[in-house]
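Next come the chains, spelled out residue by residue.
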Amino acid sequence: MSLIAVGTMAFDAIETPFGKTDRIVGGSATYVAYASSYFVQPVHQVSIVGNDFPAEEMNELRSRGVQLEGVEVVPDKKSFFWSGKYHLDMNSRDTLVTDLNVLADFNPRIPDSYQGAAFLMLGNLDPVIQKQVIGQLNPRPKLIVMDTMNFWMDIKMPQLLETLRLTDVLLVNDSEARQLSGEFSIVKAARKILTMGPKYLIIKKGEHGALLFHEKQVFFAPALPLEEVFDPTGAGDTFAGGFIGYLAKTNDISFNNMKTAIIVGSAMASFCVEKFGPERLKDVSKGEIDGRIQEFVDLVSFDIELS
Ligand code: AMP
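Residues numbered from 1 in each chain as written. Predicted model: local features only at pLDDT ≥ 70, side-chain atom pairs only at ≥ 80, totals over all residues. Heavy atoms only, no water.

Asks: Hey, could you run me through a nonpolar patch on the surface in this one?
Replies: Together, Phe302, Ile304 and Leu306 make up a nonpolar patch on the protein surface, roughly 420 Å² of accessible area in all. Tracing the sequence through the fold places Leu306 in the segment after helix H10 (286-300). (Patch = residues over 30% accessible without salt bridge, like charges linked within 9 Å, V, L, I, M, F, W, Y side chains within 5 Å. Areas by Shrake-Rupley, 256 points an atom, 1.4 Å probe, with all protein chains shown as cover. Salt bridge = Lys/Arg side-chain N within 4 Å of Asp/Glu carboxyl O. Helix = DSSP H or I, 4+ residues; strand = E, 2+ residues; numbered from the N terminus.)

Put into structure tokens, the structure is as follows:
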């Protein structure tokens, strides 16, 4: 089943306790595309870049079945730029710079060839633009997954709530779930968010895994205890790409299959953090992915006899 991925294609400057990068390629849609292309091709990409976005990166994406017809290139402007600094625990970070650049006048037009896609991944992006994309898709995809972040909650909460009403699955981290719902308890927050539109909610908890909520059901997926975490940037988007990529590959959007998709997303995210930027996602093999999924299975399986 085909997939449309919408989001930023960007430059990032990242500082972690283990090192610092100047401008490297990043962006929510870049990570989603690399991760999802292991499971489904083509990935129909929708984004905007300036004249500075590297042609080699575009070619690399193309070689993985990522279609770029929906990526607008603005000749006289710069790509979106984001800079962040991670705290020692690597679970939290401060945003230092957000330069919208080309994103300030992004008005996405979905190519005809993208119509009919069954899966839509709305990567982290202005909620007004996310809504504009949904409005252009006819027929409506069978599953719309939305990612967002505190930045948009701070400045566009009413618009974000409008877009949220049109989606099926929301992905946020725990502090964003609290901000969105106004509830401290994650369970209460989830219950409230599930009345705001999405029927499924995934709350990411960084190195502490992720929770999937649907009606009265809850599923918990751990994160692998990794020896080295180099750069968590893009881990959330990579998780999203693995999650929706697996759902698109299996064409099954049941709660049960979403549990597996969360494990697949977590496995992909565990690769992402091993190097700065999306680099590690470019050289991971099918065998490594399968091996890592098996590690997740081993991590949580145990026998118990209850008397
Ligand atoms: P993640 O670590 O999964 O939250 O994603 C980090 C990526 O999101 C980086 O590569 C950034 O370029 C991108 N990003 C950061 N801030 C924003 C924003 N406000 N809107 C869209 N994308 C963003």
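There's plenty left to go through after this.
Asks: Any chance you could explain helix H2 (residues 55-63) here in plain terms?
Replies: One turn of an α-helix holds 3.6 residues; hence residues three or four places apart share an orientation. Buried residues of H2: Glu57, Met58 and Leu61, and no others. Seen end-on, H2 carries its buried residues on one side only, within an arc spanning 100 degrees. Across H2 from its buried face, at more than 90 degrees, point the exposed residues Glu56 and Ser63. Buried-residue contacts for H2 involve strand E4 (24-26), helix H1 (28-36), strand E5 (43-49), strand E6 (66-73) and helix H9 (279-283). Downstream of H2 by one or two residues, Gly65 has phi in the positive range, about 80 degrees. (Buried < 20%, exposed > 50% of the residue type's maximum accessible area, 1.4 Å probe, protein only. Arc of directions from axis to C-beta. Contact = heavy atoms within 4.5 Å.)

Asks: Sorry, what's going on with the sheet that holds strand E11 (residues 169-173) here?
Replies: Pairing between the strands of a sheet comes from backbone hydrogen bonds, and it takes one of two forms, parallel or antiparallel. Strand order in the open sheet formed by nine strands is E6-E5-E1-E9-E10-E11-E12-E13-E14, and the pairing between neighbours is mixed. Each end of this open sheet is capped by a strand with a single partner; those strands are E6 and strand E14 (217-221). Here the average twist between neighbouring strands, direction ignored, is 15 degrees. Sheet topology note: the E11/strand E12 (residues 200-204) ladder contains five bridges and is parallel. Following the sheet pairing, Leu171 is matched in E12 by Ile202. Here helix H6 (residues 186-193) sits on the sheet and contacts E11, E12 and strand E13 (210-214); the angle it forms with E12, its principal contact strand, is near 145 degrees. Where helix H7 (residues 235-250) meets the sheet, it contacts strand E1 (3-6), strand E9 (119-122), strand E10 (143-147), E11, E12 and E13, and its direction lies at approximately 175 degrees from that of E9. (Pairing = 2+ DSSP bridges. Axes fitted to C-alpha atoms, helices over the stretch in contact; angles between N-to-C directions.)

Asks: Is there a simple way to think about the packing of H1 against H7 in this case?
Replies: If you want to describe how two helices pack, look at the angle between their axes and the distance between the axes. Close contact between H1 and H7 brings their axes to 7 Å; oriented N to C, the two are set at 40 degrees. Between H1 and H7, the angle falls in the class oblique. In this structure, the crossing between H1 and H7 has a hand that is right-handed. Of the residues in H7, those touching H1 at Ser28, Tyr31, Val32, Ala35 and Ser36 are Asp237, Thr238, Gly241, Gly242 and Gly245. Counted by class, the contact of H1 with H7 contains three nonpolar, six polar and one charged residues. (Parallel < 35°, antiparallel > 145°, perpendicular 65-115°, else oblique. Left-handed = near helix turned anticlockwise from the far one by under 90°. Nonpolar A, V, L, I, M, F, W, Y, C, P; charged D, E, K, R; others polar.)

Asks: Can you help me understand the packing of helix H8 (residues 255-272) against H10 in this one?
Replies: Here H8 crosses H10 at 115 degrees, and the two axes come no closer than 9 Å. By crossing handedness, the relation of H8 to H10 is classed as right-handed. For the pair formed by H8 and H10, the contact residues are Ile263, Val264, Ser266, Ala267, Met268, Ser270 and Phe271 on the first element and Glu288, Ile289, Arg292, Ile293 and Phe296 on the second. Looking at the contact of H8 with H10, its residues break down into eight nonpolar, two polar and two charged.

Asks: Whenever I open this one, the layout of surface pockets confuses me. Can you help?
Replies: Empty space among the atoms can be located by rolling a probe the size of a water molecule over them. Volume-wise, the second largest pocket comes out at about 160 Å³. Residue lining of the second largest pocket: Val187, Ala190, Arg191, Leu194, Phe213, Glu215, Lys216, Gln217 and Val218, and that is the complete set. Of all the elements in the fold, those that place two or more residues in the lining of the second largest pocket are H6 and E14. Residue contributions to the lining of the second largest pocket peak at three residues, all from H6. Here the residues of the lining of the second largest pocket are counted per class, giving five nonpolar, one polar and three charged. (1 Å grid on protein atoms, 1.4 Å probe; cavity = no way out; pocket = protein on both sides within 12 Å on 5 of 7 lines; lining within 4 Å. Points joined across faces, edges and corners; volume = space filled by probe spheres on them.)

Asks: Which parts of the structure should I look at to understand the packing of aromatic side chains?
Replies: Ring pairs (aromatic) are described by centroid distance and by the angle formed between their planes. Scanning all chains against the criterion turns up five aromatic pairs. A centroid spacing of 5.9 Å and a plane angle of 50 degrees characterise the contact between Phe11 and Phe53, whose relative ring orientation is tilted. Of this pair, Phe11 sits in strand E2 (residues 10-16) while Phe53 sits in the loop between E5 and H2, and the two are 42 residues apart along the sequence. As far as burial versus exposure is concerned, Phe11 and Phe53 are alike and both buried. Between Phe18 and Phe230, the ring centres sit 6.3 Å apart and the planes meet at 15 degrees, which makes this aromatic pair stacked. (Phe/Tyr/Trp six-rings, centres within 6.5 Å; stacked < 30°, edge-to-face > 60°.)

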